[in-house]
Amino acid sequence: MRLPLAVSLLLAAPALAPAQTPLEDIGFAPTTALPDADLVVVRERAYGADGVDLTPFGIGTGNDRYVQSIYFRFFVGPGNTTVDNVNGVVVFPDGTEILGFVTGENALGGSTDDGQATATDAIFGVAADPDDYSEAARGFESAAEEFICKVQDNAFVFLLAVTSGVDDFRVIVDYGDSFEPTLAFSLDTFGGVTIGTGTPHLGIRVGDDSNPIVFGSGDYGEAGRLSTIPITTTTPPSPGNALTLFPRDLFYIVRDTGGNTAIDGFQVPRRFPVPNRANFAIPGTPVGLTDGPDGFLYALGAGSGFSATDPVSRNTLEYTLANLPGSNTALCDTEGSRELFFVRDTSGDSMVDRFDVDTLSFTGQFAVPGVTTPVAIEEAGGLLYVLGQGGGFAELDPASGAVVSSVIPMPTGAYRGMTRSASGGELYLVRDNAGPTAIDEYDLATDTTAFGWSTFSNPGTPVDVTLGPLGLVFVAGVGSSGPAGLIALDPADGSEAFYTDCLDFPGLNRGLAYVDSTLGMSECSPATANSSGASAWISAQGSNLAGGNPLELMAWDLPANQFGYFLASETFLVIPMPGGSQGNLCVAGTVGRFVSQVQSSGALGRLRIDVDTNALPVFPPVAVAPGDTWYFQAWFRDTNPTPTSNFTDAISIRFF
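The shown structure was predicted, so the numbers you read here are calculated from the model rather than taken from an experiment.

Rules used throughout
Residues numbered from 1 in each chain as written. Predicted model: local features only at pLDDT ≥ 70, side-chain atom pairs only at ≥ 80, totals over all residues. Heavy atoms only, no water. Helix = DSSP H or I, 4+ residues; strand = E, 2+ residues; numbered from the N terminus. Buried < 20%, exposed > 50% of the residue type's maximum accessible area, 1.4 Å probe, protein only. Areas by Shrake-Rupley, 256 points an atom, 1.4 Å probe, with all protein chains shown as cover. Salt bridge = Lys/Arg side-chain N within 4 Å of Asp/Glu carboxyl O. Phe/Tyr/Trp six-rings, centres within 6.5 Å; stacked < 30°, edge-to-face > 60°. Lys NZ or Arg CZ within 6 Å of the ring centre and 35° of its normal. Pairing = 2+ DSSP bridges. Axes fitted to C-alpha atoms, helices over the stretch in contact; angles between N-to-C directions.

**Q** Pulling in residues and values, what's your account of the overall build of the protein chain?
**A** Each helix and strand counted, the protein chain has zero helices and 47 strands in total. Here the protein chain holds 656 residues, and the buried ones make up 56% of them. Approximately 24000 Å² of the protein chain is accessible, and the part contributed by carbon and sulfur atoms is 52%.

Below, the structure is given as structure tokens:
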């Protein structure tokens, strides 16, 4: 199965017609003003029927015809203070091929802004030095979390960060047998994607037919996308808004950076890595990642470190737990429960610990005989499964810890991770063979294992496996030597859907997880800090389907032992410090108050309620209807330093 990058982005092959000469944004004028914080796209020199020999650069065939270089340059705005991050997904027409990228400074003009853009800032064509080319598949000049990466023959993704001056690269594209009429490519960016403390880009410019000899003359304002940037016609592109990162389209990777722990995302439909969605000191050395009963991502450390991250707001809570003997090695959630299960290596039989996410406490433990060096734990069909590196495998009752059955397959290699299938009737076990990687499929109904259900040469040393967006099975490499690869597999037959080695970020990958049930979008965030020193925030878990389906609200980082309750409204409006509060009320109009569910934040500074969406507490009570958008917020008492009140941020949920 060949998974399309994004159906909406791929352009149909043009009908045969006389070839045309591609547009070239020539004539860099010395007086061209420094733009605002825009991504500038320059259509550079094109090579037609006469061709150009690119073989000395390791990217050509000896007579490369119908090739064009296109230059991407990101300017920080005047004063170098406006914007310092830019990202993109670029898709060329079907049938074209990206030959390579130029990222070396020597081939890309000046490395700092001089207040104007001149001809020295773009060479209009092929770089003179083969060393100025990166590999065709990946790489960028920074060793941190910047990247430019080919994800399909005709598509690439990039993420740049610059705190002053500019950042740029060139892509060499082969259009095939001719430059056909109406050729165009698309450029989409994601809103809110940043590295570190940077803020996202605010606009795009490219030469256009109104002034074709001056690059960047087509300024499309604060656009986040250009749906068709012309190559062989003068039809101007259509601007649009930046794409939104929806949690349902991402799965997550926990990464050990040698200091802090990072959680990276991967946007599957467009194959876009999203590094550093969260970064925190605890849990120290991470050993695993799972989605929890509240839609959070839980990262577990080898010792007593533990953290919870909301993938929507990106807030993270860090904890230190009781340090039990041995080392934690993996964790999992359980369907219909508020518990997580940790598996611990005690240099003998493995131990499984029950953990309550509401009280942050262990509620029991039991031994797992026959499984040594545990690497994975998973729940499926109401039972727990523990997997050992050398093939030890146990099926347990999570209530009592009793071993239901135990099989010890002895394959070659070593197991690295495990996940359940979408139906819950099978488990996928990823195995490192010190060569090809294998996935073994274990059938829960028959207690049989199909060894080598899928085998593949990538991604090098595997670290874990998870079921993710689009129903695909994902296996990531650890990244200990060379780039960390990622392969997506079709669960129907184990065939490869796509492969990428774009996860070239510092440190080692340690685990994968997918959250498919988070709800809502954060609003008016962050909230005003309360006496705990933090900004309180709200999250939602459950269903956004109207008709009384389960929905729960949670408030986090409140001051301890203070009373509060939740609010609801169909109207969003920010009202600063209402009634003397220290925070901002973000709901207005007819406001529902969950006063019958007033509760104390307790020692952990949290509130949690179940919501009856058939009777939201406005006057009179109303049922949520399909198409409605409701805003929720929590209001709580505080002493900061005198008696007052404060609010969380808000969350909006559209119901269907």
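This is not the end of the story, as more comes after the structure.
**Q** If you had to explain the pattern of salt bridges to someone new, which residues and values would you point to?
**A** Counted by the stated rule, this structure contains 20 salt bridges. The shortest N-O distance in the salt bridge between Glu145 and Arg255 comes to 2.8 Å. Linking Glu145 in the loop between strand E4 (97-102) and strand E5 (147-152) with Arg255 in strand E13 (residues 250-256), this pair joins segments that are 110 residues apart in sequence. Look at Glu145 and you get buried, because its relative accessible area is 10%. When its relative accessible area of 1% is taken as the criterion, Arg255 is described as buried. Residue Arg255 pairs with Asp264 through a salt bridge whose shortest N-O separation is 2.7 Å. Taken together, the shared-partner salt bridges connect Asp333, Glu335, Glu378, Glu379 and Arg420 into one network.

**Q** Can you explain unusual backbone geometry? Please cite residues and give values.
**A** Backbone torsion omega between Phe619 and Pro620 reads -10 degrees, so that peptide bond is classified as cis. Tracing the backbone through its elements, the reader meets Pro620 in the loop between strand E45 (607-610) and strand E46 (629-639). Backbone torsion omega between Asn640 and Pro641 reads 0 degrees, so that peptide bond is classified as cis. By the element assignment, Pro641 lies in the loop between E46 and strand E47 (643-654). The phi dihedral of Arg271 is positive, around 55 degrees, even though this residue is not glycine. When you line up the elements, Arg271 lands in the loop between strand E14 (261-267) and strand E15 (272-280). Using a relative accessible area of 4% as the deciding quantity, one classes Arg271 as buried.

**Q** If you had to explain the packing of aromatic side chains to someone new, which residues and values would you point to?
**A** Enumeration over the complete set of coordinates arrives at 35 aromatic pairs. Arranged with centres 5.1 Å apart and planes meeting at 10 degrees, the rings of Phe72 and Phe169 form a pair that is stacked. Taken together, the positions of Phe72 in strand E2 (residues 67-75) and Phe169 in strand E7 (residues 166-174) put the pair 97 residues apart, joining distant regions of the chain. Through a chain of ring-to-ring contacts, three or more aromatic side chains come together here, namely Phe296, Tyr298, Phe306, Phe342, Phe355, Phe362, Trp537 and Trp556. One residue, Arg271, lies across the ring of Phe498, its end atom 4.5 Å from the ring centre.

**Q** Now, about the sheet that holds strand E39 (residues 551-556): what can you tell me, with residues and values included?
**A** Pairing is antiparallel across the open sheet formed by three strands, whose spatial order is E38-E39-E45. For this open sheet the edge positions go to strand E38 (537-542) and E45, each flanked by a neighbour on one side alone. Pairwise comparison of adjacent strand axes, ignoring direction, gives a mean angle of 15 degrees for this sheet. Of the pairings in the sheet, the one linking E39 to E45 comprises four bridges and is antiparallel in character. Residue Leu553 lies in a different strand from E45, and its bridge partner there is Ile609.

**Q** Account for the pairing of strand E34 (residues 484-489), with residues named and values stated.
**A** For E34, a buried count of six out of six residues is recorded, marking the element as mostly surrounded by other parts of the structure. By the alternation rule, side chains of E34 split into Ala484, Leu486 and Ala488 and Gly485, Ile487 and Leu489, which are all buried. Bridge count between strand E33 (residues 473-477) and E34: four bridges; the pairing is antiparallel. From the neighbouring strand, Val473 faces E34, where its bridge partner is Leu489. Alignment of E34 against strand E35 (residues 496-503), held across five bridges, turns out to be antiparallel. Considered in E35, the bridge of Ile487 is made with Tyr499. Hairpin connection, E34 to E35: the antiparallel pair is bridged by six residues, and Gly494 has positive phi, about 80 degrees.

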